[in-house]
Amino acid sequence: MRGLLTGTAAAAALLALMVGSATSANAIENYNPVTEDRLDNPEPHNWLQVRGNREGWGYSPLDQINASNVGSLQPAWLFSTGVQEGHQSPPLVNDGVMYVTTPMNQVLALDAATGKRLWRFQRELPEDLFQLHPTNRGPALLGDRLYVALTDCFLVALDARTGEVIWEVAVDDYQAGYYMTLAPLAAKGKIMVGVSGGEYGIRGYIAAYDAESGEEAWRTYTVPAPGEPGSDTWPDDDAWKTGGGSVWLTGNYDPETGISYWGIGNAAPWMGDTRGGMDNLYTTSVMAVNVESGALVGHHQYHWNDSWDWDEVSPPLIYDVTRDGETFKALVNVARNGHIYLLKPTAEGPIEFVDAWNYVYSNVITAFDPDTGRVSYDDNHWPGTGKAALFCPSLWGGKDWPYSAYSPDTGLLYIPANENLCSTLEGAEEKYVPGELYIGVPIPVILGGFSLREGWDHIGEIQAWNVDSGEEVWSKDFAHQNWGPILATGGGVLFSGGTNDHMFRAHDAATGETLWEYPTNSGVTASPSTYSVDGKQYVAVQSGWGVDAERKQDVLRGIIPGYDVHVPQGGVIWVFALP
Amino acid sequence: MKAFRPARSFGIRWNRRRVVQGVLGLGIAGGLVSPDAWMADADAAEIARQRPQDGDQLTFFGGDRDGEVIAPADLSLGEQPFIAYPRDPSSGVIRDGSRLNQITLLRVDPARFDDRTRPGTVDGIIAFSATCTHQQCPVTAWDEQAEALFCFCHRSRFDPWNAGKVVNGPATRKLPRLPLRLEGENELRIAGGFSGRVGN
């Protein structure tokens, strides 16, 4: 009878949750299907995937808007999303049709030239859902469909022409703390997603679904079960079952090898001594996953036994780097732990360590093994259960989720960084309860633990690095935090927001000089994109403050005397063009 | 439209152990599952899903005293709030069938209550919905500096002395109250439903 009860309840829950709906005023005719060849070789006039290309560059070769004329940029059209919280998704554009995801499980299809609404989809959230990160980082386009990974942990396939639901699948149980923030990755006929929820003690994984049918193809866990490779880096208890390892961002992908690269979050709970003081693979790592099979074919752990909440969320960028006279395809990652990592992938999967160096002040990592890249720690800055320790950078790291960018024109890596903020944490024992926060650090301790370094004069930065030489070329400071993903263009311009003054800005990619800025409705923490329609270039971005930018703003109000800036919430899609 | 069942079954969740406690409270023996037990199980689940009722007790959620009934003496001035669930005293079922039933319970200085807030408090003990009106995160912390209830997720703050009004943060609506009363001399009871819509 218990089985009957569970089954009945499950069916009721599933039916109750099938509530997504589209309002379709204008079905899109003559839609240009997004083939995998188009994703592998994206046209300059479109923005078909969250970072513009498979390799995660955040770069467009469009140059109509350039360093000499960007000062004349002005709004072309705006569209209010109607919802609050952190808007982080880049507008995708396919031949004049724009697709935007927002918080609250919403997808909008708009005319990219005029802003006219073509259709809107929204899936009602369950009444008891709560999440730390009620955001969405974008859809995926493949064929004539749009795929979106939702806050209530559903993956939905929509007809890109009408917004009608084609299939939907519950990837996992939101009531157990599972949710999704990332844009799916579409490759080899599969739609890949990863789950978040490390702060609830989930066990993370990347999962692939058949793009046509929605049937699950494979599921690769970020925390191995006993007996699986890497399980010897976990204690001989049940810690792995609640071991965290969230997957917050879309993996980057090398079409030549069929391998995807994913940034894996920190382990749960936060303090490493609760996990045996062991390495805890594959948390805080890059995982190399074969897209066809789901096989884990390589990895590199940026730092072991995380105790600092340094989710290594970012997938590495893939581009050619020259070191010691040798040019090779590299994985370049800007880690939350405050270091840039230069890694060398292989066609078979294993990843070699080449180099790493800090880009913000760091007092935790003291050395890298030159062969393996394994880090050493300063024990004075390593918190534990019942052991308080101050560490820099703060738990938000030198760079959190906002994307870095790479421009093949300048050869530079651009980082939205945060400097001078530190944290103090001290863990306490906590029992796991499904669906409840499982952090292992009392909330008042987290909140009261932030501090600024003595003599600080700014926090936010954009940094430009030459990874060939390992040298910083320029750095631009902002008074307070920077939560702005970066778009680089062929016009020699970087577009980014991220500050708490509502501004969306253009910077000279060669020098960092600010060339243009525009005050938006809220704060810009979304990823910008650029495209052209009928030969006219546009730059698009959502403005809508929330999530961790809101949290950090509150922290700064508490630790900077006399500072009391509040950023209003509410999302607007802004599209700019030359007059 | 095609819908796939998830790889695992996701039932409507309630705490199985608590339901079993409830069933035992109804006087039905555990052990072998019989049709009677099935009905009792379903009844218990229904009770667990109901919102707090007048006369309900409050029980600890989490920690060493998980499930125990809370007495006024358990709450001290200056301590962090407890998260509690209501308990139906007649069946013994803890109403944890929905996380929207979570209650944040704390003791503050009773002299500072405004006139509309004081009724429904017991010697400084006051109860609110623990579900933030912004994005439904648990309001589980006390911010000593701001003297306010605090949501960790997105950092909204609520004033306990002024009926849970928003102090700052992204929330725009006050935290719903849950009135309390004493039964006899020393039993803390819920005195009615939430004062407003729970959650966002």
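Residues numbered from 1 in each chain as written. Chains lettered and ligands numbered in written order. Predicted model: local features only at pLDDT ≥ 70, side-chain atom pairs only at ≥ 80, totals over all residues. Heavy atoms only, no water.

Considerations on the overall build of chain A
Thinking step 1. Tallying secondary structure elements over chain A gives four helices and 39 strands in all.
Thinking step 2. Here the C-alpha atoms of chain A give a radius of gyration of 22 Å, agreeing with the 25 Å that 2.2 N^0.38 yields for 579 residues.
Thinking step 3. Taking the principal axes of the C-alpha coordinates as reference, chain A spans close to 65 × 60 × 55 Å.
Thinking step 4. A buried classification covers 67% of the 579 residues belonging to chain A.
Thinking step 5. Across chain A, every contact between residues at least 6 apart in sequence was considered, and the portion connecting residues at least 24 apart equals 63%.
Thinking step 6. Taken as a whole, chain A presents about 17,400 Å² of accessible surface, with 48% of it coming from carbon and sulfur.
Thinking step 7. Looking at charge distribution, chain A has the averaged site of its 32 positive side-chain charges lying 4 Å from that of its 72 negative ones. (Helix = DSSP H or I, 4+ residues; strand = E, 2+ residues; numbered from the N terminus. Rg over C-alpha atoms; globule rule 2.2 N^0.38 Å. Buried < 20%, exposed > 50% of the residue type's maximum accessible area, 1.4 Å probe, protein only. Contact = heavy atoms within 4.5 Å. Areas by Shrake-Rupley, 256 points an atom, 1.4 Å probe, with all protein chains shown as cover. Lys, Arg positive; Asp, Glu negative; His and termini not counted. Charge placed at Lys NZ, Arg CZ, Asp CG, Glu CD.)

Some thoughts on the sheet that holds strand β39 (residues 572–577) of chain A
Residues and elements named next belong to chain A.
Thinking step 1. The four strands are arranged β3-β39-β38-β37 in an open sheet whose pairing can be described as antiparallel. The open sheet has two free edges, formed respectively by β3 (74–80) and β37 (529–533), since each of these has just one partner strand. Geometrically, the sheet is characterised by an average inter-axis angle of 25 degrees between neighbouring strands, direction not taken into account.
Thinking step 2. Pairing analysis gives five bridges linking strand β38 (residues 536–543) to β39, with the strands arranged antiparallel. Bridging across to β39, Val 539 finds its partner in Phe 576. (Pairing = 2+ DSSP bridges. Axes fitted to C-alpha atoms, helices over the stretch in contact; angles between N-to-C directions.)

Some remarks on the packing of aromatic side chains
Ring pairs (aromatic) are described by centroid distance and by the angle formed between their planes.
Residues and elements named next belong to chain A.
Thinking step 1. Counting across every chain of the model gives 38 aromatic pairs over all chains.
Thinking step 2. The interplanar angle of 90 degrees and the centroid separation of 5.8 Å between the aromatic rings of Trp 310 and Phe 391 together place this pair among those described as edge-to-face. A residue pair is termed long-range when its members are at least 10 positions apart, and Trp 310 in the loop between β19 (296–301) and β20 (317–323) and Phe 391 in strand β26 (residues 389–391) qualify at 81 residues. The exposure classification of Trp 310 matches that of Phe 391, with both residues buried.
Thinking step 3. Site record: aromatic cluster; members linked through ring pairs are Trp 304, Trp 308, Trp 310, Tyr 377, Trp 382 and Phe 391. (Phe/Tyr/Trp six-rings, centres within 6.5 Å; stacked < 30°, edge-to-face > 60°.)

Here's the deal with the nonpolar core
Thinking step 1. Of all hydrophobic cores here, the largest spans 79 residues; its most connected members are Tyr 99 and Phe 495 of chain A.
Thinking step 2. If near-sequence neighbours (up to four positions away) are discounted, Phe 495 of chain A is found in contact with Ile 65, Val 70, Leu 73, Pro 485, Ile 486, Leu 487, Thr 489, Phe 504, Arg 505, Ala 506, Pro 528 and Val 539 of chain A.
Thinking step 3. Tyr 200, Val 313 and Tyr 403 of chain A together with Leu 175 of chain B belong to the second largest nonpolar core, which has 73 residues in total. (Core = buried A, V, L, I, M, F, W, Y, C linked by side-chain atoms within 4.5 Å.)

Looking at the sheet that holds strand β32 (residues 471–478) of chain A
Hydrogen bonds along the backbone pair up the strands of a sheet, which may run parallel or antiparallel.
Residue and element names in this part refer to chain A.
Thinking step 1. Spatially, the four strands line up as an open sheet ordered β27-β28-β31-β32, and their pairing is antiparallel. Edge positions in the open sheet fall to β27 (405–407) and β32, since each of these has one partner strand only. Within the sheet, the average angular offset between the axes of one strand and its neighbour, ignoring direction, is 20 degrees.
Thinking step 2. One ladder, built from six bridges, connects strand β28 (residues 412–418) with strand β31 (residues 460–466); its direction is antiparallel. Looking across to β31, one finds that Ile 415 is bridged to Gln 463.

Points about the state of the cysteines
Thinking step 1. All told, the structure shown has two disulfides over all chains when counted by the stated rule.
Thinking step 2. For Cys 392 of chain A, the disulfide goes to Cys 422 of chain A, at an S-S distance of 2.1 Å. Taking the sign of the S-S torsion, about 100 degrees here, the bridge from Cys 392 of chain A to Cys 422 of chain A comes out right-handed. Of this pair, Cys 392 of chain A sits in the loop between β26 and β27 while Cys 422 of chain A sits in strand β29 (residues 421–425); the two residues are 30 residues apart in sequence, bridging distant segments of the chain.
Thinking step 3. Linked covalently through their sulfurs, Cys 137 of chain B and Cys 153 of chain B form a disulfide whose S-S length is 2.1 Å. Between Cys 137 of chain B and Cys 153 of chain B the sulfur-sulfur dihedral comes to about -90 degrees; the bridge is accordingly left-handed. Note that Cys 137 of chain B is positioned in the loop between β5 (125–129) and β6 (141–143) and Cys 153 of chain B in the loop between β7 (148–150) and β8 (157–159), a separation of 16 residues in sequence.
Thinking step 4. Under the relative-accessibility criterion, Cys 137 of chain B is labelled buried at 1%.
Thinking step 5. Sulfur of Cys 153 of chain A: no disulfide; nearest cysteine sulfur belongs to Cys 137 of chain B and is 16 Å away.
Thinking step 6. By relative accessible area, which is 0% here, Cys 153 of chain A ends up buried. (Disulfide = S-S within 2.5 Å.)

Focus: the side chain of Thr 102 of chain A
Residues and elements named next belong to chain A.
Thinking step 1. Following the sequence through the fold, Thr 102 ends up in strand β5 (residues 97–102).
Thinking step 2. A polar contact of 2.9 Å, which involves the side chain of Thr 102, links it to the side chain of Gln 106.
Thinking step 3. Apart from residues lying up to four places away in sequence, Thr 102 is in contact with Thr 81, Val 83, His 87, Leu 108, Asn 136 and Gln 542. (Polar contact = N/O pair within 3.5 Å; in protein donor to acceptor, adjacent residues only side chain to side chain.)

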